[in-house]
Amino acid sequence: MRHNIGLAVPLAALALLTACGVYAGDTHSCTLIGALVGIRVEVSPELANRVADATLTACWDGTCRKRTLQLQETSPEEPATPGNPVMTTESATAEESPAGRTPQTREPSMPGFAVITDLPSKPIHVTLVFKNKRGATVLNRQISITPQPTYPNGRDCPPEGNQARLTVTEESSLIPR
């Protein structure tokens, strides 16, 4: 009996995935590949190596989302030490504006990516602040950008959320990509 149940679960999951793979009567098959929603920040290695704390604040329509950025990749075995900070992408403890108050949730983390699940596809105002180990500001720049929909399954499939991309040069210039 256990053998039949063990086989039924994977077959049911396969049937569900196959059924969900076609979009709105289209004959083109769309997979269930998703995409992170948020803002990618690429920082020159020279600048990233001087940063101990990095925050990104994105604002639109009177609301702001503040995230901590991880600029350097660390493995799970590496401890958080003053010379090796482990920064995660998470909700801030204090919002930028009263209208921006949302429940605090931990978001997935990856180097240089601020997950913002409700990122719109219209112009937003972004502020980046980088600080060194002593707490001195290394960078404090603002820019307006317009996030774009992502299509991880191709343009024949529905979008999977919005993303924006910024590059921070060694000279501390912000460039939208």
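In this report, the structure presented in the accompanying data block is examined. This one's a predicted model, so the numbers in the text were calculated from it and none came from an experiment.

On to the overall build of the chain, then. Within the chain, the secondary structure is distributed over two helices and nine strands. Sequence-ordered secondary structure for the chain, helices as α and strands as β, is α-β-α-β-β-β-β-β-β-β-β. Looking at the chain as a whole, 36% of its 177 residues are labelled buried. Long-range pairs, those at least 24 residues apart, make up 59% of the contacts in the chain between residues at least 6 apart in sequence. Accessible surface for the chain amounts to roughly 10600 Å². Of this, 54% is attributable to carbon and sulfur atoms.

Turning next to the state of the cysteines. Counted by the stated rule, this structure contains two disulfides. Here Cys59 connects covalently by a disulfide to Cys64, the sulfurs 2.1 Å from one another. The disulfide joining Cys59 to Cys64 has a torsion of about 110° about its S-S bond and is therefore right-handed. Here the cysteine-cysteine linkages of the chain are recorded as 1-4, 2-3, numbering only bonded cysteines and doing so in sequence order.

Glancing now at the nonpolar core. Among the nonpolar cores identified, the biggest contains 27 residues, and Ile39, Leu56, Val126, Leu128, Phe130 and Val168 are the most heavily contacted of them. Residue assignment for this core shows that the elements contributing at least two residues are β1 (38-43), α2 (45-48), β2 (53-60), β5 (124-131), β6 (137-145) and β8 (162-168). Setting aside residues no more than four positions away along its own chain, Leu56 makes contact with Ile39, Val41, Arg65, Lys66, Arg67, Leu69, Ala114, Ile116, Val126, Thr127 and Leu128.

What follows deals with the pattern of salt bridges. Side-chain pairing between opposite charges can occur once the charged atoms of the two side chains come close. Counted under the stated rule, the structure contains three salt bridges. Taking the shortest distance from any N to any O, the salt bridge between Arg165 and Glu42 comes out at 3.0 Å. Note that Arg165 is positioned in strand β8 and Glu42 in strand β1, a separation of 123 residues in sequence. Owing to a relative accessible area of 39%, Arg165 belongs among the partly exposed residues under this scheme. Exposure remark for Glu42: the relative accessible area of 30% places this residue in the partly exposed category.

Spatially, the four strands line up as an open sheet ordered β3-β2-β5-β6, and their pairing is antiparallel. Edge strands, defined here as strands with exactly one partner in the open sheet, are β3 (63-69) and β6. If you compare each strand with its neighbour and ignore which way they point, the axes differ by 15° on average.

Counting buried positions over the eight residues of β5 gives six, a clear majority of the element. The pairing of β2 with β5 spans seven bridges and is antiparallel. The residue of β5 that forms the bridge with Asp53 is Lys131. For β5 and β6, the ladder comprises eight bridges, and the chain directions are antiparallel.

This paragraph deals with unusual backbone geometry. Leave glycine aside and you will find that most residues have negative phi; peptide bonds, for their part, are mostly trans. At Asp61, a residue that is not glycine, the phi angle is positive and equals roughly 50°. Structurally, Asp61 is set in the loop between β2 and β3. For Ser172, which is not a glycine, the phi torsion comes out positive at approximately 70°. Along the polypeptide, Ser172 turns up in the loop between β8 and β9 (174-176).

Cut-off values and rules
Residues numbered from 1 in each chain as written. Predicted model: local features only at pLDDT ≥ 70, side-chain atom pairs only at ≥ 80, totals over all residues. Heavy atoms only, no water. Helix = DSSP H or I, 4+ residues; strand = E, 2+ residues; numbered from the N terminus. Buried < 20%, exposed > 50% of the residue type's maximum accessible area, 1.4 Å probe, protein only. Contact = heavy atoms within 4.5 Å. Areas by Shrake-Rupley, 256 points an atom, 1.4 Å probe, with all protein chains shown as cover. Disulfide = S-S within 2.5 Å. Core = buried A, V, L, I, M, F, W, Y, C linked by side-chain atoms within 4.5 Å. Salt bridge = Lys/Arg side-chain N within 4 Å of Asp/Glu carboxyl O. Pairing = 2+ DSSP bridges. Axes fitted to C-alpha atoms, helices over the stretch in contact; angles between N-to-C directions.

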